[in-house]
Amino acid sequence: MRIINIPNYYNSKCQISFGGNVYTAQFMYNDECDIWTFSMFDVNDNVVIAPHKIVPNFPLNYDAPVASISGVFMCITNKTRIEKKSFVSGEAIFCYVPYAEMSAEVADVFKH
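Given the structure is predicted, the values throughout are model-derived calculations rather than measurements.

Novice: Before we move on, can you summarise the pattern of salt bridges with the specific residues and values?
Specialist: Tallied over the entire structure, the rule returns 3 salt bridges. Lys84 is paired through a salt bridge with Asp31; the nearest N and O atoms lie 3.2 Å apart. Note that Lys84 is positioned in the loop between β6 (71-77) and α1 (86-89) and Asp31 in the loop between β3 (21-30) and β4 (35-41), a separation of 53 residues in sequence. Take Asp31: its relative accessible area is 53%, and that puts it in the exposed class. For Arg81, the salt bridge is made with Glu83, and the minimal N-O distance between the two is 3.4 Å. Judged by its relative accessible area of 38%, Glu83 is partly exposed.

Below is the structure:
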């Protein structure tokens, strides 16, 4: 599992790399809806993962696997929802879990 640190502001971007490919991860907090979203772009700013609401303990790219990224992005927490300060307070972490670290049965479900 690889933890991705979310910068301490509510519309942030950070560079991440997988298998030699560099991507931009964007994290946005929406005050009106009280939700966090995650999206990812390639080096040419093409959408790799469209904005997804960050929910606890569920793979965000389950419905949109990315061929060049062999794993899933998740928010891990013991809370029932992700709040504005969840990442800053340490109540939640955002991470990437490679298929190789999952059991074969679980990985097959995520790969479709």
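Novice: So what about the nonpolar core? Which residues, and what values?
Specialist: Ranked by size, the top nonpolar core spans 24 residues in total, and within it Ile16, Phe27, Phe38, Ile54, Phe73, Phe87 and Phe94 carry the most contacts. Those elements that place two or more of their residues in this core are β2 (11-18), β3, β4, β6 and β7 (92-98). With 4 residues, the top contributor of residues to this core is β3. With near-sequence residues (within four places) excluded, Phe94 lies in contact with Arg2, Ile3, Ile4, Ile6, Phe27, Phe38, Ile54, Leu60, Phe73, Met74, Cys75 and Phe87.

Novice: Mind laying out the environment of Asn78, listing which residues take part and the relevant values?
Specialist: Residue placement: Asn78 occurs in the loop between β6 and α1. By relative accessible area, which is 71% here, Asn78 ends up exposed. Put simply, Asn78 and Glu91 are 13 residues apart on the chain and 7.6 Å apart in space, counted from C-alpha to C-alpha.

About the cut-offs
Residues numbered from 1 in each chain as written. Predicted model: local features only at pLDDT ≥ 70, side-chain atom pairs only at ≥ 80, totals over all residues. Heavy atoms only, no water. Salt bridge = Lys/Arg side-chain N within 4 Å of Asp/Glu carboxyl O. Helix = DSSP H or I, 4+ residues; strand = E, 2+ residues; numbered from the N terminus. Buried < 20%, exposed > 50% of the residue type's maximum accessible area, 1.4 Å probe, protein only. Core = buried A, V, L, I, M, F, W, Y, C linked by side-chain atoms within 4.5 Å. Contact = heavy atoms within 4.5 Å.

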